[in-house]
Amino acid sequence: MANSSTKKWWKNAVIYQIYPRSFCDSNGDGIGDIGGIISKLHYLKDLGVDAIWLSPVYSSPGYDNGYDISDYKDINPDFGTMEDMERLISRAKRLGIKIIMDLVINHTSDHHEWFQKALAGDPKYRDYYYFRKGKGHGAPNNWSSFFGGKAWTKTESGDYYLHLFSKRQPDLNWHNPDVYEEITDIMRFWLDKGVAGFRCDVINIIYKESLENGIKRFSLTGREHYLNTEGCHELIQRFNSEVWSKYKTFIVGETVMVTPDDAKLLSDENRKELDAVFFFEHMDVDSRGIKWFKKKYRPCKLIRILDKWQEALEVPANYFENHDQIRSVNHFGNTGKYWEKSAKLLCGLNLSLRGVPFIYEGEEIGMTNADFRGLRDIKDIESYNINQAMKRLLFVHSVRRKLILQTTRDNARTPVQWDSSEGAGFTTGEPWIKINANKSYINVQDESADENSILNFYKKMIEFRKNSQALAEGNYRRVASPNDVYIFTRESKDERLYIYCNLTGFTKAVEFYGDNIIFGNYPESKWEKSYLKPYEFRIVASNI
Ligand code: TEU
Ligand code: CA
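Since the structure is predicted, the reported quantities are computational estimates derived from the model, not experimental observations.

Undergrad: Whenever I open this one, the pattern of salt bridges confuses me. Can you help?
TA: Once the charged atoms of two side chains with opposite charge are near each other, the side chains can pair. All told, the structure shown has 37 salt bridges when counted by the stated rule. One salt bridge in this structure joins E86 and K193, with 2.6 Å as the shortest N-O distance. With E86 in helix α3 (residues 82-94) and K193 in the loop between α6 (177-192) and β9 (197-200), the pair connects residues that are 107 residues apart, well separated along the chain. Across the pair K208 and D171 runs a salt bridge, and its minimum N-O distance is 2.8 Å.

This is the structure we're talking about:
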């Protein structure tokens, strides 16, 4: 049995993701920064979070907002200095908040010194990347990029280099032992500074088994050569045994296109690879293979997927939002009449599932998708590349506009709405991306003052989870329920809870299990044992 000294600190943690560019701007240049984060640490403490996952703050030209790193041991001046970062780590520590950094090691920026030296012809650094001669009149193979188009770009010397993301993000060659040494040195650099772990970007695709042609697909041709390869598992095991295990880290991997079986291999405690993984299946519940082509969202499908992953993994990393996804009220809830109820329901569900819950900045106040007027308001490099790809396929403007506006990652990247003022309390200057006009009623200041707000519901729910053995470490079992209603139990030695989630805007008749309703998103006077109101969430205690 784990006791308090051997128990892993993150086992019952609630983690909050900060996308620094959009969180809080302390110097009026319109860009969120580390000073802004420091100014909000008390807010996060009050909310009840244990750790922050910080999206990249390293030096970067910013083509992919920091997911293109040009110096892993320095801070992007837009965000501040190394001293600011050290101050953030120590101030957070004083409040009992840990910092988990984003680590992007599938690729660097094309501005990175290694890539610049490679381009200049230095053989040592050319071998840090995949440079290859073209075949016939084209690229070395037929692989495609995650952001649309080809995965190869031709350089002045006539050779091509591989990039699974944008051409500004050349892939590192993980066959090269020097790359391993460089990157593990970077990990130690940050762990020695006191960070508590990493969120590893696209970690399950870093090792390319070969550069053969891929099986032709509508999207991501070539993936069978780099997805969850043996070499990738070996690398992660080495990171774990040689670096991570020497510190008390929490390592969560972003793992793309994984099945529960793949994810189990990557996060099985005995294999000593990752502590937890982010999977995507529930995010894709309403997409036809690729997210730009949506289909109708059906709650029963979401439930089936969540249940499957709850059963499969010991510690799923649970989330409904991040910086790459649309806002959860738009995705799985309601932005009209049931905005508030559905936001609270999603909070309740996320924090009741087994695993480690992640909350994305602004989710705790029910922020919605952006209100962009057109494609010109969008900054995301992915949207830009997809728009170009759709143009090549002769999609007309109105279709491109519609598909991109409803799916662009910038929907989740509009500034956090701290108050209803012009700059939303985010900035005193001109924001780098348009602020949502609904800051007039969706904002931290107003919600702090309102006892029944979404924000205060988050606080109560986090507190509830902290005090509940069953939610913190109990087992999970699904219970029979009507269509589109999710009911499950969480049970520990002395506590059994029934969690009820009505994922629809309709009243639903339900069987009553357990004894007393003890928590919910409707006022106590409205609690009815035999039916659930629209988007109702409730916790029922049962005597055992
Ligand atoms: O995302 C990886 C990834 O799979 C996404 O590109 C995803 O396919 C897309 O966002 C869905 O719209 C990670 C980061 O989270 C993302 O922000 C980066 O752009 C990407 O890696 C490249 O580093
Ligand atoms: Ca700033």
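Here the narrative resumes, following the displayed structure.
Undergrad: Is there a simple way to explain the coordination of the calcium ion (ligand 2) in this structure?
TA: Six octahedral donors around a metal ideally make angles of 90 or 180 degrees; four tetrahedral donors ideally make 109.5 degrees. Looking at the calcium ion (ligand 2), the protein donor atoms are D25 (OD), N27 (OD1), D29 (OD), I31 (O) and D33 (OD), and they sit 2.2 to 2.3 Å from it. If you list the donors of the calcium ion (ligand 2) from N- to C-terminus, the spacing comes out as D-x1-N-x1-D-x1-I-x1-D. Each member of the pair, I31 as well as D33, carries the same accessibility label: buried.

Undergrad: What is the right way to look at the side chain of S542 in this model?
TA: Among the secondary structure elements, S542 is positioned in strand β22 (residues 537-542). Classification of S542 as buried rests on a relative accessible area of 11%.

Undergrad: Where do I start with the side chain of D110 in this structure?
TA: With respect to the element layout, D110 can be found in the loop between β5 (98-103) and α4 (113-119). The class for D110 is buried, based on a relative accessible area of 9%. Here the side chain of D110 touches R168 through a polar contact of 2.9 Å, side chain to side chain. With near-sequence residues (within four places) excluded, D110 lies in contact with Y63, F115, Q116, K167, R168 and P170.

Undergrad: For this particular structure, what's the right way to read the sheet that holds strand β8 (residues 160-162)?
TA: The strand order across the open sheet built from three strands is β6-β8-β7, with neighbouring strands paired in antiparallel fashion. Sheet topology places β6 (131-132) and β7 (152-154) at the edges, where each strand pairs with a single neighbour. Note that β6 and β8 share two bridges and pair antiparallel. Its bridge partner being in β8, R132 is matched across the sheet by Y160.

Undergrad: Got a minute to help me understand the site of ligand 1 in this structure?
TA: Surrounding ligand 1, one finds 18 residues, the nearest of these being D64, D201, K291, H323 and D324. Contacts to ligand 1 include H107, whose side-chain N or O atom sits 3.0 Å from an oxygen atom. Measuring from an oxygen atom of ligand 1, one finds a side-chain N or O atom of D324 at 2.5 Å. Surface burial for ligand 1 is 93%, taken as the share of its 490 Å² of free accessible area covered by protein chains. Among the residues making up the shell around ligand 1, the classes are represented as six nonpolar, three polar and nine charged.

Undergrad: Can you help me understand a positive patch on the surface in this one?
TA: A cluster of basic side chains, namely R288, K295, K296, R298, R304 and R478, defines a positive patch on the protein surface. Note on placement: K296 falls in the loop between β13 (290-294) and α9 (299-312). On the basis of relative accessibility, which here comes to 67%, the residue K296 falls in the exposed class.

Undergrad: Looking at this structure, how should I read the nonpolar core?
TA: Inside soluble globular proteins, nonpolar side chains tend to come together where they are buried. With 171 residues, the main nonpolar core has M85, W174, W190, F198, W244, F358 and Y486 as its most contacted residues. The next biggest cluster of nonpolar side chains, apart from the first, holds eleven residues, and it includes Y500, I517, W527 and L532.

Undergrad: Would you explain the environment of Y129 in this entry?
TA: Positionally, Y129 belongs in the loop between α5 (123-126) and β6. When neighbours within four sequence positions are excluded, Y129 is seen to be in contact with T108, H112, W114, F115, A118, P170, D171, L172 and N173.

Undergrad: Please clarify how helix α8 (residues 260-267) should be interpreted in this entry.
TA: Structural remark: α-helix, 3.6 residues per turn; residues separated by three or four positions point the same way. Restricting attention to buried positions, one finds in α8 the residues P260, A263, L266 and S267. Looking straight down α8, one finds that the buried residues subtend no more than 125° of arc, so they occupy a single side. The secondary structure elements touched by the buried residues of α8 are α7 (230-242), β11 (276-278) and α9.

Undergrad: Would you mind showing me how to read the state of the cysteines here?
TA: One covalent bond between the sulfur atoms of two cysteine residues makes up a disulfide. Applying the stated criterion to the full structure yields zero disulfides. Here C300 stays free of any disulfide, with the sulfur of C501 as its closest cysteine sulfur at 15 Å. Judged by relative accessible area, C300 falls into the buried class, the value being 11%.

Undergrad: Just to check I follow, could you spell out the environment of W152 for this structure?
TA: Relative to the helices and strands, W152 is located in strand β7. Residues contacting W152, with those up to four places away along its chain left out, are Y130, R132, A139, P140, N141, Y160, Y161, L162, H163 and L211. Of note is the side chain of W152, whose polar atom sits 2.6 Å from the side chain of N141.

Undergrad: Help me understand the packing of aromatic side chains in this model?
TA: A ring pair, where both rings are aromatic, is described by two values, the distance of the centres and the angle of the planes. If you walk through the whole model with that rule in mind, you get 38 aromatic pairs. Taken together, a centroid distance of 6.2 Å and an interplanar angle of 20° make the contact between Y72 and W114 stacked. Of this pair, Y72 sits in strand β4 (residues 71-75) while W114 sits in helix α4, and the two are 42 residues apart along the sequence. The two residues Y72 and W114 agree in class, both being buried. The ring of Y125 has K124 lying over it, and the distance from NZ or CZ to the ring centre is 5.4 Å. Positioned above the aromatic ring of F131, the side-chain terminus of R126 is 4.3 Å from the ring centre.

Undergrad: For this particular structure, what's the right way to read the packing of helix α11 (residues 339-352) against helix α15 (residues 454-466)?
TA: Describing two packed helices takes the angle between their axes plus the distance from one axis to the other. Two elements in contact, α11 and α15, have axes whose closest approach is 10 Å; the angle formed by their N-to-C orientations is 20°. Taken together, the axes of α11 and α15 are roughly parallel relative to one another. As for how α11 packs across α15, the hand of that crossing is right-handed. Residues W339, E340, A343, K344, C347, G348, L351 and S352 of α11 lie in contact with α15, whose contacting residues are I454, F457, Y458, M461, I462 and R465. Classifying every residue of the contact of α11 with α15 by side-chain character gives nine nonpolar, two polar and three charged.

Undergrad: Looking at this model, I keep getting lost on the environment of G149. Mind explaining?
TA: With respect to the secondary-structure elements, G149 resides in the loop between β6 and β7. A C-alpha to C-alpha distance of 9.7 Å links G149 and R392, two positions 243 residues apart in sequence. What G149 contacts, discounting residues up to four positions off in sequence, is S144 and R392.

Reading guide: rules and limits
- Residues numbered from 1 in each chain as written.
- Chains lettered and ligands numbered in written order.
- Predicted model: local features only at pLDDT ≥ 70, side-chain atom pairs only at ≥ 80, totals over all residues.
- Heavy atoms only, no water.
- Salt bridge = Lys/Arg side-chain N within 4 Å of Asp/Glu carboxyl O.
- Helix = DSSP H or I, 4+ residues; strand = E, 2+ residues; numbered from the N terminus.
- Donors = N, O, S within 2.8 Å, 3.2 Å for Na, K, Ca; no water.
- Buried < 20%, exposed > 50% of the residue type's maximum accessible area, 1.4 Å probe, protein only.
- Polar contact = N/O pair within 3.5 Å; in protein donor to acceptor, adjacent residues only side chain to side chain.
- Contact = heavy atoms within 4.5 Å.
- Pairing = 2+ DSSP bridges.
- Near = heavy atom within 4 Å.
- Areas by Shrake-Rupley, 256 points an atom, 1.4 Å probe, with all protein chains shown as cover.
- Nonpolar A, V, L, I, M, F, W, Y, C, P; charged D, E, K, R; others polar.
- Patch = residues over 30% accessible without salt bridge, like charges linked within 9 Å, V, L, I, M, F, W, Y side chains within 5 Å.
- Lys, Arg positive; Asp, Glu negative; His and termini not counted.
- Charge placed at Lys NZ, Arg CZ, Asp CG, Glu CD.
- Core = buried A, V, L, I, M, F, W, Y, C linked by side-chain atoms within 4.5 Å.
- Arc of directions from axis to C-beta.
- Disulfide = S-S within 2.5 Å.
- Phe/Tyr/Trp six-rings, centres within 6.5 Å; stacked < 30°, edge-to-face > 60°.
- Lys NZ or Arg CZ within 6 Å of the ring centre and 35° of its normal.
- Axes fitted to C-alpha atoms, helices over the stretch in contact; angles between N-to-C directions.
- Parallel < 35°, antiparallel > 145°, perpendicular 65-115°, else oblique.
- Left-handed = near helix turned anticlockwise from the far one by under 90°.

So yeah, pure geometry; function would need other evidence.
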